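So you can see what is in the structure, the chains are spelled out below.
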Amino acid sequence: MLRTVSIRNFRSCNDVRIDFDPNLLALVGPNGVGKTNIMQAIAWVANIITTPEPIDITAYGSPRKGFEFECEIELDSGDYRYRLSLENSGEDFFEFVLREELIRLGELGDRIFIRKDSHIEWGPNQSAEIAEKTSALAVLSSLLSKREREKLGLLSLAEFFRGIGYYTFNDKESKPKNYVTPSEYETWKSGALSGASGSAASLMKLLHMSKEAPETFEDVKSILGTAGLDLLKDIKIREISSQMDFDSSKDSSENSENELAFYMLLCHPSDRLAGSGRQFTLRSLSAGTRKIIDIVVSLYFDKRALMLIEQPEDAIHSGLLRKLIDLFRSYSDHVQFIVATHSNSVLNILEPNEIRLVCVKGGLTLVRGLSSVEKDAAQSYLEEKGSLAEFIEAVQD
């Protein structure tokens, strides 16, 4: 799990430090204060240090000051501190010296590797010259044997960083079709089972789970079903043949000898929702229902270590939002959640220790948790039947 992060010179984050405890955390503040910048800094670093490609700094917001990132991570293999910095070495935007260091924390703490520019040192008296703008973690992952990487903790560390995902769940960016052809599905599979979000991706992921991981598919249906979020009574994947007259009452198994033309996902709303007793394509569901489906499918399919989620409250009713946050809590033993929000509905579901206040001063992002005194005051305020959102508003003022 991610325990601390320090970010310097990334867009509006001039000098930001955040403690991530507990495993469900909300970055709370109005629009434009830098919540997204914090999450994108984490996601960007996770991406650049796990890919063998040269670092792309086009997302980097303050090239002349020098970007610095430091984090502490708690894993089964041990606790680690990782540092990365990009020091500008000239007038050119793209000229920088890459520095990295990985330290194992604790009583037996030691330096696992250190690199400056193209030179890297690791283990007992080992060194090499590597590509100047490629992450040391990615290079060592290809340079060392699996046994050596496991001994150094690099396997679990790389797995953790690859398990960080940034999600907007912006349905407008990827609205699903009503069907998927077999060739489209095979093309999607060949793309290494993309971890992209959105309803178009959810359609592919649900189809894949139904075919390749039926137990997981049933788990997703259970969470969305009457015993869980109470959104859908059932989800079915229909196989439509080229010779089949499209009639939802027909069973596609009767047409098994015909050539498969496309797959269609059909959702059956729960009894409490409009449309109960009928079936709908994913595209025809409401935006809020699709978003909940997207979040649950991503949680089960992507198997992230850390999910960075933008504004989970958008298009979702407050009652259902409470169930969603409770779902995050129930999974927080093995998945970490960081959400960005400015919604009172979310605030009123959270505990005081799950909140980090984000504000801006002089154009720069500032972040802090509630102090011990403020947490006690918040608890007293809640016991007097006030809302946490009202308390936070008073603290921010």
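Below, the structure is looked at part by part. Predicted, not measured: the structure shown is a model, and the values here were computed from it.

Reading the values: rules and limits
Residues numbered from 1 in each chain as written. Predicted model: local features only at pLDDT ≥ 70, side-chain atom pairs only at ≥ 80, totals over all residues. Heavy atoms only, no water. Helix = DSSP H or I, 4+ residues; strand = E, 2+ residues; numbered from the N terminus. Buried < 20%, exposed > 50% of the residue type's maximum accessible area, 1.4 Å probe, protein only. Contact = heavy atoms within 4.5 Å. Areas by Shrake-Rupley, 256 points an atom, 1.4 Å probe, with all protein chains shown as cover. Polar contact = N/O pair within 3.5 Å; in protein donor to acceptor, adjacent residues only side chain to side chain. Salt bridge = Lys/Arg side-chain N within 4 Å of Asp/Glu carboxyl O. Arc of directions from axis to C-beta. Phe/Tyr/Trp six-rings, centres within 6.5 Å; stacked < 30°, edge-to-face > 60°. Pairing = 2+ DSSP bridges. Axes fitted to C-alpha atoms, helices over the stretch in contact; angles between N-to-C directions.

1. Quick notes on the overall build of the chain
On a plain count of helices and strands, the chain comes out with twelve helices and 17 strands. Burial statistics for the chain: of 397 residues in total, 50% are counted as buried. The long-range fraction of contacts in the chain, counting pairs at least 24 apart against all pairs at least 6 apart in sequence, stands at 60%. Accessible surface computed for the chain: about 19000 Å², of which carbon and sulfur atoms make up 46%.

2. Topic: the environment of Asp314
With respect to the element layout, Asp314 can be found in the loop between strand E14 (306-310) and helix H9 (318-331). When the C-alpha atoms of Asp314 and Asn170 are compared, they prove to be 9.3 Å apart, with 144 residues separating the residues in sequence. Within the structure, Asp314 has its side chain in polar contact with the side chain of Gln311 (distance 2.9 Å).

3. Details of the pattern of salt bridges
Evaluation of the coordinates by the stated rule reveals 21 salt bridges. A salt bridge links Asp19 to Arg17; the nearest nitrogen and oxygen atoms lie 3.5 Å apart. Exposure remark for Asp19: the relative accessible area of 40% places this residue in the partly exposed category. Judged by its relative accessible area of 47%, Arg17 is partly exposed.

4. Observations concerning helix H4 (residues 154-162)
Listed as buried for H4 are Leu154, Leu157, Ala158, Phe160 and Phe161. For H4, the angular spread of the buried residues around the axis is 160°, confining them to a single face.

5. What to know about helix H7 (residues 214-224)
Because each turn of an α-helix spans 3.6 residues, side chains separated by three or four positions end up pointing in the same direction. Taken residue by residue, H7 has Thr216, Phe217, Val220, Lys221, Ile223 and Leu224 as its buried positions. Each buried residue of H7 lies within a common arc of 160° when the element is viewed along its axis, so the set occupies one face.

6. Some points on the packing of aromatic side chains
The description of two aromatic rings rests on the distance between their centres and on the angle between their planes. Enumeration over the complete set of coordinates arrives at 13 aromatic pairs. Following the ring pairs from residue to residue traces out a cluster consisting of Tyr185, Trp188, Tyr263 and Phe301.

7. Describing the sheet that holds E14
Taken in spatial order, the six strands of this open sheet run E10-E14-E15-E3-E16-E17, and their pairing is mixed. On the outer flanks of this sheet lie strand E10 (164-167) and strand E17 (364-369), each paired with one strand and no other. In this sheet, adjacent strand axes meet at a mean angle of 20° when their direction is disregarded. Inspection of the sheet shows strand E3 (residues 24-28) paired to strand E16 (residues 355-361) by three bridges, in the parallel sense. Looking at E16, one finds that Val28 is bridged to Leu357. Packing of helix H8 (residues 287-302) onto the sheet brings it into contact with E10, E14 and strand E15 (336-341), and relative to E14 it is tilted by some 165°. Each of E3, E16 and E17 touches helix H12 (residues 388-396); the most contacted strand, E16, lies at about 35° to it.

8. A short note on the environment of Val358
Relative to the helices and strands, Val358 is located in strand E16. It is 5.0 Å that separates the C-alpha atoms of Val358 and Gly29, two residues lying 329 residues apart in sequence. Among residues more than four places away in sequence, those in contact with Val358 are Leu27, Val28, Gly29, Pro30, Val33, Lys35, Ile38, Thr365, Leu366 and Val367.

9. Points about the side chain of Arg81
With respect to the helices and strands, Arg81 occurs in strand E5 (residues 78-88). Within the structure, Arg81 has its side chain in polar contact with the side chain of Glu72 (distance 3.0 Å). Beyond its immediate chain neighbours, meaning those up to four positions away, Arg81 contacts Glu70, Cys71, Glu72, Glu101, Leu102, Ile103 and Leu105.

10. Structural notes on the sheet that holds strand E8 (residues 119-122)
Spatial ordering of the open sheet is given by E2-E1-E4-E5-E6-E7-E8-E9, a layout of eight strands whose pairing is antiparallel. Either end of the sheet is taken by a strand with one partner, and the two such strands are strand E2 (16-19) and strand E9 (126-129). With strand direction ignored, the average angle separating the axes of adjacent strands in the sheet is 10°. When E5 meets strand E6 (residues 96-104), the two strands line up antiparallel, connected through nine bridges.

11. A word on the pairing of E3
Burial within E3 is extensive, with five of its five residues counted as buried. Judged by which residues are buried, E3 turns out to be covered on both faces: Leu24, Ala26 and Val28 on one side and Leu25 and Leu27 on the other are all buried.

12. Describing the environment of Leu154
Residue position: Leu154 is located in helix H4. In this structure Leu154 comes out as buried when scored by relative accessible area, which is 1%. Sequence separation between Leu154 and Ser141 is 13 residues; the distance between their C-alpha atoms is 7.3 Å. Ignoring sequence-local partners within four residues, the contact set of Leu154 consists of Leu102, Ile112, Phe113, Leu137, Leu140, Leu144 and Arg149.

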